[in-house]
Each structure stands twice: as structure tokens, then as C-alpha cells.
Amino acid sequence: MSSMKPFLKSILSGLAVDYADIRIEESEESTIIFRGKELDEIGTGFEKGGCLRVFHRGNWVVGTFTIVDDGLRELARELAAQVTKLPPREGGVVGLPAFEDTVRLPAEHDPRSVSLEEKHGLISHYNKTLLAQPGIASTHCAYHDAHRFVYFCSSEDRYLEQEFAWAGFSCRAIARDGNNIQDYGESIGKTWGFNALRGQEPMVENVAKIALDLLKAEPVRAGVYTVVIDQRLAGVFAHEAFGHLSEADHIAENERLKELMQIGTRYGVEELTIIDDASLPCEKGSYRYDDEGTPARRTELIKNGVLAGHLHNRQTAYLMGEPVSGNGRAISYRFAPIVRMSNTFIEPRDKTLEELLDGVEYGLYLAGSRGGMTELETFTFSSQYAYLIENGRITKMVRDATLSGNVFHTLRNIDGIGNDLVLYGGLGGCGKGGQSPLPVGLGAPHIRIRNVVIGGR
């Protein structure tokens, strides 16, 4: 174990509080951005800092710092003195046993082993591939990678060293025909290393094709449809519309959510199971331990259509009397951990895409996501493109399809789940509490939903 352990233990030693932990983070990130033909940004940044927390009689006090030296002992004493002045509140944190572990990544997953010149060459190649397509007026192509090494120590004598890394890129094509301007983009990125980003020309060429096809597509007609949604849009629905409702800090603060999110409530068909799992290998939201030192695990949010679990940090697990789930995460040393998702997805079942389309006399196939918004149990999402489904077959492309509704009604209206699960990462991530973008994964198989309200012309 490194020499950091005795130093961090000495920072926490002797504090008269119920619990304390300290996290030191060293990070390096590279970014390259093209806008059209022009290189807009290129560079590598380095950071080092930490976060120190003390908990006493139901209250947290948190301090962050960028200098790691003996002065942290004084900071710890000051935080401990401040927390004892606060009035007692209900609550506690779930304790964990003394433990030590070190998590290292395979060397080939470390993006620092690849030169910035080589990274520039790859994203420049993909940008030129888009611009070479007739009808593509402009582009936005970005590469980003990150490497973090985190030291964690708690007053429980729990000490962890953990390495994180991921790399990815995004490509967006802007197609133009007179005053008609359409765009389409895709993004990939996981913890699998730089080499996995090579050979993605088919994906990049498809980005240009979809953008050009959208020039000929007409806006969808508003109405109520049976829809089949692709893996990416279904994954965004699972994350945004349901995953955030499962975060226990929201539930603990909201009486309406406590009622809606009671374990044992049926919200879907027997085949519907939604999972959050940080222990999956190489996914964007994967880790061995969260930022509170809790082991990552698989949590069934919905199992066979019935609400089965919530996502917790140590404090919410204590408050609700449920097991810790390893979802206390912080975007960097500048922030304290809060309850966040990891890799959230709908489990696959047995239907092929053809079987999901079969029997849909007139409906929509919705693909990709342009984002959206949620407000408690209501949601609105926009697809990137769509097709009509006529007599069980995908036919004419349409655009500007927006779906909206109540998440619990929509879950009950899922009547077909495919066998073709895909998990996505990509650039960007989840935003919550001023911490964005947090690396997360999401995905689903194709799913079919009845009675979906679609906005359009």
C-alpha cells in the first residue's frame, strides 16, 4: 500500500465526530474539438485536489482543497469544530468495516499512453470523412479522454486506491439544402481504451447519411401512436424518466415521491426489469467502489414489473433503513458525493425487432435522442429521427417527433421488449446538483409502447 495511507489516516486521527473521510484526486484530461474544417480546441489539463468531510449528529460539513500537505490537519480540526456547533438532526451514515484495496486498470485502457498528436489524427480523420460527403455543410467533432487516480480514507480505517479512465468521441454532421438545415450526431466512449475508437468509419458515415436523409423527411403528424423505440432512446427514457426517480435523496425529501416509489408497487408488465449496475466491465458508468468507499453492486430498480429497489449513498440508506447500493458519487474533488446512477438499463427479453413491428398497423419507429426534460413523473423527450410503421414494416422517414407523458403510465403501456440490448457511453454524461457531466452508461433493447402522445405538426 502506498505512503499516502498513513498520511491520510493522520489527517482524520483524533477528530471528535461520528464519521469522517478524505478523498485525494489526481486527474489528467485531453480535449480536441473541430468545428467544420477548423481546429477549435486542443490541449491537455492536469489537476490535483481533495475533499474532506466530517459527519456528526446528523450534519455534514465539507471542505475542498488543492494543496495536499500537513495543513490539512488544521482544516480537519476546523471542520470538526464547525460541525459540533450545528443543532442535532435526525440521521446517520451506514458504517462499513475496516478494509484496504487497490484497483488498477489494464495498461491498454490508459489514454495517457497515446500521444496528443495521435488523438488529433484520429478525430481529424473522422471530421474529414464527414466533410467529404456531398451535402454536408459543416461538422462538430470532439475527442475527450480522462484519467483519474483517487485515494480514499475513512475514520473506519477503510483505505482504497482506485484508478479510472475513459476515452470517446462525438461526430455531428450539419446538412443543408437551401433554407432547409438538418443535423444528426452520435457519440461513443467507454473505459475500454483509445484503440477501441479506431475503425469507427461506418458509424461516422452513417451520421452523414442520416443528416442528409433528414433533409427529405417531413415533420411527423401529431397524435397518439404505438411506437417502437430504439436502444438509445429507450436507454435515455430508463435513465432520465425513471432512474432519477429512484435516487433516494429525491425520495427522502419529497412526500409525493415516497408514496409513488414504495417498494412492491407494480409499474409494468411481468417482463419489465430495470437495473442499475456499476460492476459491469468497461462501461462508462462502471467502478469498483463509489466515492464513499462502498463496493459497487447491481441494484434491481424494477423486477418483473414491480418496484424492487432504490439507489443510495450511506446517509440515505441509513435514513430509509435499506442496504447501501454504492451510488455515492462526485464528479471531482471539488464536490461531495451525492446519490447518482451508474449504468442504468432495461433487461432484454425474447422478441426480435421484426416481432415488435409485427402487428403495428400504423405507428412510429423512434431513434436516437436529442434530450428532453422531466418534472417528477412527467417527461418530454425528442428523438433524433423517426420512421412510419405501416402494416408491420418501417417505411417513410419523418422528423421532429417529440414524445411526452407520465412515466408510470408509460411503463404500464410497454407491451413488448426486444432481445437486442445495447449499452451506450459516449461524451457528456449526467447532470445533477451542479455536478455535470458525470460518467454514466445507459441502454435497453428495442421496446414497444402503446398510446404514446407524439408532438409534431
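Here goes a summary of the coordinates provided. Just so it is clear, the structure is predicted and the values come from calculations on it, not from any experiment.

What counts, and at which threshold
Residues numbered from 1 in each chain as written. Predicted model: local features only at pLDDT ≥ 70, side-chain atom pairs only at ≥ 80, totals over all residues. Heavy atoms only, no water. Patch = residues over 30% accessible without salt bridge, like charges linked within 9 Å, V, L, I, M, F, W, Y side chains within 5 Å. Areas by Shrake-Rupley, 256 points an atom, 1.4 Å probe, with all protein chains shown as cover. Salt bridge = Lys/Arg side-chain N within 4 Å of Asp/Glu carboxyl O. Lys, Arg positive; Asp, Glu negative; His and termini not counted. Charge placed at Lys NZ, Arg CZ, Asp CG, Glu CD. Helix = DSSP H or I, 4+ residues; strand = E, 2+ residues; numbered from the N terminus. Buried < 20%, exposed > 50% of the residue type's maximum accessible area, 1.4 Å probe, protein only. Pairing = 2+ DSSP bridges. Core = buried A, V, L, I, M, F, W, Y, C linked by side-chain atoms within 4.5 Å. Contact = heavy atoms within 4.5 Å. Phe/Tyr/Trp six-rings, centres within 6.5 Å; stacked < 30°, edge-to-face > 60°. Lys NZ or Arg CZ within 6 Å of the ring centre and 35° of its normal. 1 Å grid on protein atoms, 1.4 Å probe; cavity = no way out; pocket = protein on both sides within 12 Å on 5 of 7 lines; lining within 4 Å. Points joined across faces, edges and corners; volume = space filled by probe spheres on them. Nonpolar A, V, L, I, M, F, W, Y, C, P; charged D, E, K, R; others polar. Axes fitted to C-alpha atoms, helices over the stretch in contact; angles between N-to-C directions.

### Section: a negative patch on the surface
Right, on to step 1. Together, Glu271, Asp350, Glu354, Glu355 and Asp358 line one region of the surface with negative charge.
Right, on to step 2. As for its position among the elements, Glu354 is in helix H9 (residues 353-357).
Right, on to step 3. Judged by its relative accessible area of 57%, Glu354 falls in the exposed class.

### Quick word on the pairing of strand E11 (residues 298-303)
Right, on to step 1. As paired strands, strand E10 (residues 274-277) and E11 are joined by four bridges and run antiparallel to one another. Counted as the bridge partner of Asp277 is Arg298 from E11.
Right, on to step 2. Relative to strand E12 (residues 306-307), E11 runs antiparallel, the two sharing two bridges. For Ile302, the partnering residue across the bridge sits in E12 and is Leu307.
Right, on to step 3. Joining the antiparallel neighbours E11 and E12 is a turn of two residues, in which Asn304 adopts a positive phi near 50°.

### Quick notes on the nonpolar core
Right, on to step 1. In this structure, Phe242, Leu366, Leu411 and Ile454 are the most contacted members of the largest nonpolar core, which totals 46 residues.
Right, on to step 2. Broken down by element, this core gets its largest block of residues, seven residues, from helix H5 (residues 231-243).
Right, on to step 3. When near neighbours in sequence (up to four residues on either side) are disregarded, Phe242 contacts Phe237, Met261, Ile274, Leu301, Ile302, Leu307, Val407, Phe408 and Leu411.
Right, on to step 4. Counting residues in each nonpolar core, the second largest holds 38 residues, with Ala167, Leu215, Ala217 and Ala367 among its members.

### Here we look at the packing of aromatic side chains
Right, on to step 1. According to the stated counting rule, one finds 12 aromatic pairs in the structure shown.
Right, on to step 2. Ring centres 6.1 Å apart and planes at 90° place the aromatic pair Tyr19 and Trp60 in the edge-to-face group. Taken together, the residues Tyr19 in strand E1 (residues 19-35) and Trp60 in strand E3 (residues 59-65) connect sequence positions 41 residues apart.
Right, on to step 3. An aromatic cluster is present here, built from Tyr19, Phe55 and Trp60 joined pairwise through their rings.
Right, on to step 4. For Arg53, the ring lying beneath its charged end belongs to Trp60, and the centroid distance is 4.0 Å.
Right, on to step 5. In this structure, Lys284 is placed above the aromatic ring of Trp166, and the distance from its NZ or CZ to the ring centre is 4.0 Å.

### Focus: the layout of surface pockets
Right, on to step 1. The calculated volume of the largest pocket comes to roughly 930 Å³.
Right, on to step 2. Take the lining of the largest pocket: its biggest share by element is six residues, from strand E5 (residues 136-154).
Right, on to step 3. Residue classes in the lining of the largest pocket are distributed as 21 nonpolar, 12 polar and 13 charged.
Right, on to step 4. Lining the second largest pocket are 29 residues, with Arg232, Val236, Ser369, Leu427 and Leu442 sitting closest to its centre.

### Thoughts on the sheet that holds strand E26 (residues 441-444)
Right, on to step 1. With mixed pairing, six strands are arranged side by side in an open sheet as E12-E11-E10-E15-E26-E23. The strands lining the two open edges of the sheet, one partner per strand, are E12 and strand E23 (422-424).
Right, on to step 2. Examined bridge by bridge, strand E15 (residues 343-346) and E26 share three bridges and lie parallel to one another. Residue Phe345 lies in a different strand from E26, and its bridge partner there is Gly443.
Right, on to step 3. Across the face of the sheet, H5 comes into contact with E10, E11, E12, E15, E23 and E26 while running at roughly 120° to E26.

### Concerning the pattern of salt bridges
Pairing is possible between side chains that carry opposite charge, provided their charged atoms lie close to one another.
Right, on to step 1. The full count for this structure, using the stated rule, is 33 salt bridges.
Right, on to step 2. The residue Arg148 makes a salt bridge to Glu25 at a minimum N-O spacing of 3.0 Å. Of the two residues, Arg148 sits in strand E5 while Glu25 sits in strand E1, which places them 123 residues apart along the sequence. Like Arg148, the residue Glu25 is buried in the burial classification.

### Observations regarding the side chain of His239
Right, on to step 1. With respect to the helices and strands, the residue His239 is situated in helix H5.
Right, on to step 2. Not counting residues up to four positions away in its chain, the partners in contact with His239 are His244, Met341, Thr344, Cys430, Val440 and Leu442.

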